[in-house]
Structure formats: C-alpha cells, structure tokens
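Tertiary structure, described
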Amino acid sequence: MIGPPVRQVATIERRATGFNVLCDRCVQDGSGEGWIGATFSGRLDLDLECGIFLCRNGHAVRVQRVRATAGPASIVAA
Ligand SMILES: [Zn+2]
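Figured I'd write up the structure that's included with this text. Every value quoted in this text rests on a predicted model; they were computed, and no experiment measured them.

Broken down by element type, the protein chain carries two helices and five strands. Looking at the protein chain as a whole, 10% of its 78 residues qualify as buried. Nonlocal contacts in the protein chain, meaning residues at least 24 apart in sequence, comprise 50% of its contacts between residues at least 6 apart.

What follows deals with the pairing of strand β4 (residues 50–54). Pairing between β4 and strand β5 (residues 60–65): five bridges, direction antiparallel. Counted as the bridge partner of C50 is Q64 from β5. The loop that links β4 with its antiparallel partner β5 comprises five residues; one of these, G58, has a positive phi angle of about 85°.

A few words on the sheet that holds β4. Pairing within the open sheet is mixed, and its three strands lie in the order β1-β5-β4. Edge strands, defined here as strands with exactly one partner in the open sheet, are β1 (6–12) and β4. Strand-to-strand twist of the sheet, defined as the mean angle between neighbouring strand axes without regard to direction, takes the value 30°.

So, about the environment of R14. In this fold, R14 is placed in the loop between β1 and β2 (18–22). Under the C-beta neighbour-count criterion, R14 is labelled exposed, with 12 such atoms within 10 Å. Taking C-alpha positions, R14 is 8.0 Å from L46, a pair spaced 32 residues apart along the chain. The contacts of R14, once residues within four sequence positions are left out, are R65, V66 and A68.

This part is about the environment of D47. Among the structural elements, D47 can be located in the loop between β3 (39–43) and β4. Spatially, the C-alpha atoms of D47 and T17 are 9.7 Å apart, while their sequence positions differ by 30 residues.

Calculation notes
- Residues numbered from 1 in each chain as written.
- Predicted model: local features only at pLDDT ≥ 70, side-chain atom pairs only at ≥ 80, totals over all residues.
- Helix = DSSP H or I, 4+ residues; strand = E, 2+ residues; numbered from the N terminus.
- Buried ≥ 20, exposed ≤ 12 C-beta atoms within 10 Å, placed from the backbone.
- Contact = placed C-beta atoms within 7 Å.
- Pairing = 2+ DSSP bridges.
- Axes fitted to C-alpha atoms, helices over the stretch in contact; angles between N-to-C directions.

Spelled out as structure tokens, the structure:
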C-alpha cells in the first residue's frame, strides 16, 4: 500500500508525546485558510521514534524525534 508522498518532516522533543505541526503545503496552497487552519495536532507515543501523520487536508507529514545531542554521555562504544 502506498500512501501520500511525505514532503515535510517535523521534529519534536525526545520526551514529547503530543505535538502541533504547521503543514507547509496547507500554508503554501492556502487550503488551510490561514495558519490556524493549517495547524494540526497529534500524538507520538514515547516508544516510537517517528510516525507519519496526515494534516486536516490529507498531506502527509513525518514527525520524528530529535536525535540525542552529542555529548560525552551519549557516545556509544562500538
Ligand atoms: Zn496540509
């Protein structure tokens, strides 16, 4: 099964579960009737790294968690 093409990637905080995303395509083509109409919200469970969500007009947006910031604690030995 092939879904709509994903053209937008939004990132959320590592520990976020709910999110609000402004759909770029709705903004560009005006189908969202302004920024409020182009915004949609969703939920990504903590055990999921990413997911594909549809805005209110059916545009696919990939939502993924930001990668852990590189630091001494996050260096993984091979
Ligand atoms: Zn949209």
